Amino acid sequence: MKNESTVIDVPAESSSAMKGSAPLIGVARDHTTNGSGGYKRGLSIFDFLLRLAAIIAASVAAGTMFTSDETLPFFTQFLQFEAGYDDLPTFQFFVIAMSMISGYLLLSLPFSVVTIVRPLATAPRLLLLVLDTAAMAFNMAAASSAAAIGYLAHNGNQNTNWLPICQQFGDFCQKTSGAVVSSFVSVVFFIILVVLSGVALKRH
């Protein structure tokens, strides 16, 4: 008996085309995904560092205002000349507001870490964008109101008989002014954070 065999010829062009087309498509897709993910991860890392800096600025603002009390070295039998943040409701609001902002920034750090681990995720960025915008407005309100009172403490107002007190309470005015400046630095950080979130969402 003779062994019978069948030979099937496979065209060389079809096999090479099948082997060459699939890897090219896969490489192009991976390159696009990795490029976008790397860009967004870089933005997320910068976002995390800005939040750390904003925490420091807001905490310094609250702490400096909270410790701004000053007592003059001279006093009478019935009077003692003292100035403190709790003498003015605006400064009290400033301390509470900046403390809340510091707490919010601290709680937002885990969400910022999520955007680093998952740079293509949209929900954490959108949540941070909304909350950062609200916190920025809150921060701006506290800083602006404290700046207005600080201006009156330095210059007074003749129309309302508000006398300047910074000539007598120099340390108090210096600390409150430093706290206001630090709060505006925090506002700048919030503006950058909002812009970063908007850019990252736009390129999604």
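Residues numbered from 1 in each chain as written. Predicted model: local features only at pLDDT ≥ 70, side-chain atom pairs only at ≥ 80, totals over all residues. Heavy atoms only, no water.

Considerations on the pattern of salt bridges
Under the convention used in this document: In the sections that follow, a salt bridge refers to a side-chain nitrogen of Lys or Arg positioned within 4 Å of a carboxyl oxygen of Asp or Glu. In this description a helix means any DSSP run of H or I spanning at least four residues, a strand means any run of E spanning at least two, and both kinds are numbered starting from the N terminus. Burial status follows relative accessibility: with a 1.4 Å probe on protein chains alone, a residue under 20% of its type maximum counts as buried, one over 50% as exposed, and anything between as partly exposed.
Overall, the coordinates contain 2 salt bridges when judged by the stated rule. Between R51 and D47 there is a salt bridge, with the nearest N and O atoms lying 2.7 Å from each other. In this pair, R51 and D47 both sit in helix α1 (residues 12-66), 4 residues apart, roughly one turn of the helix. With respect to burial, R51 and D47 carry one shared label: buried. One salt bridge connects R51 with D132, and the closest N-O pair in it is separated by 2.6 Å. Of this pair, R51 sits in helix α1 while D132 sits in helix α3 (residues 123-155); the two residues are 81 residues apart in sequence, bridging distant segments of the chain.

Comments concerning the UniProt feature "transmembrane region" (unreviewed entry) in the protein
To keep it simple, the criterion reads: UniProt positions are given in the numbering used here, feature names are shortened, and annotations may be inferred rather than shown by experiment.
Within this numbering scheme, the UniProt entry marks residues 48-66, 91-114, 126-153 and 179-201 as carrying the feature "transmembrane region" (unreviewed entry). Counted over residues 48-66, helix gives 100% and strand 0%. Its end C-alpha atoms are 27 Å apart. Across residues 126-153, the secondary structure splits into 100% helix and 0% strand, with the terminal C-alpha atoms separated by 41 Å.

Things to note about the side chain of S44
As a reminder, the rule being used: A contact between two residues is defined here by any heavy atoms of the two lying within 4.5 Å.
Of note, S44 is situated in helix α1. Discounting chain neighbours no more than four positions away, the residues touching S44 are S112, T115, I116 and R125.

Re helix α2 (residues 89-117)
Using the following cut-off: Here the expected span of a helix is defined as 1.5 Å times the quantity of residues minus one. Bend at a residue means the angle formed by two fitted axes: the first through the 7 residues ending at that position, the second through the 7 residues beginning there.
Here α2 contains 29 residues, and its C-alpha end-to-end distance of 43 Å stays within 8% of the 42 Å for a straight helix at 1.5 Å per residue. A maximum bend of about 30° is found in α2 at L109, where proline P110 lies one to four positions downstream.

Comments concerning the packing of aromatic side chains
Formally: Aromatic rings from Phe, Tyr and Trp, taking only the six-membered ring of Trp, are treated as a pair when their centres fall within 6.5 Å; an angle between ring planes under 30 degrees marks them as stacked, one over 60 as edge-to-face, and anything in between as tilted.
Following the criterion strictly, the structure yields 4 aromatic pairs and no others. With 6.5 Å between their ring centres and 20° between their planes, Y104 and F190 make a pair best called stacked. Remark: F190 occurs in helix α4 (residues 170-202) and Y104 occurs in helix α2; sequence separation between them is 86 residues.

Some remarks on the packing of α3 against α4
Keep this limit in mind: Only the stretch in contact is used when fitting a helix axis, every axis being a line fitted to C-alpha atoms; angles between N-to-C directions are given from 0 to 180 degrees. These descriptions rest on fixed angle ranges, namely under 35 degrees for roughly parallel, over 145 for roughly antiparallel, 65 to 115 for roughly perpendicular, and the rest for oblique. What makes a crossing left-handed is the near helix being turned counterclockwise from the far one by less than a right angle; a clockwise turn instead makes it right-handed. All residues other than Ala, Val, Leu, Ile, Met, Phe, Trp, Tyr, Cys, Pro, Asp, Glu, Lys and Arg, Gly among them, are scored as polar; the first ten of these are nonpolar and the last four charged.
One way to put it is that α3 packs onto α4 with a least axis distance of 8 Å and a crossing angle of 155°. Here α3 lies roughly antiparallel to α4, going by the angle between them. Judged by the twist between their axes, the crossing of α3 over α4 is left-handed. A breakdown of the residues in the contact of α3 with α4 according to their chemical character gives 19 nonpolar, 9 polar and 2 charged.

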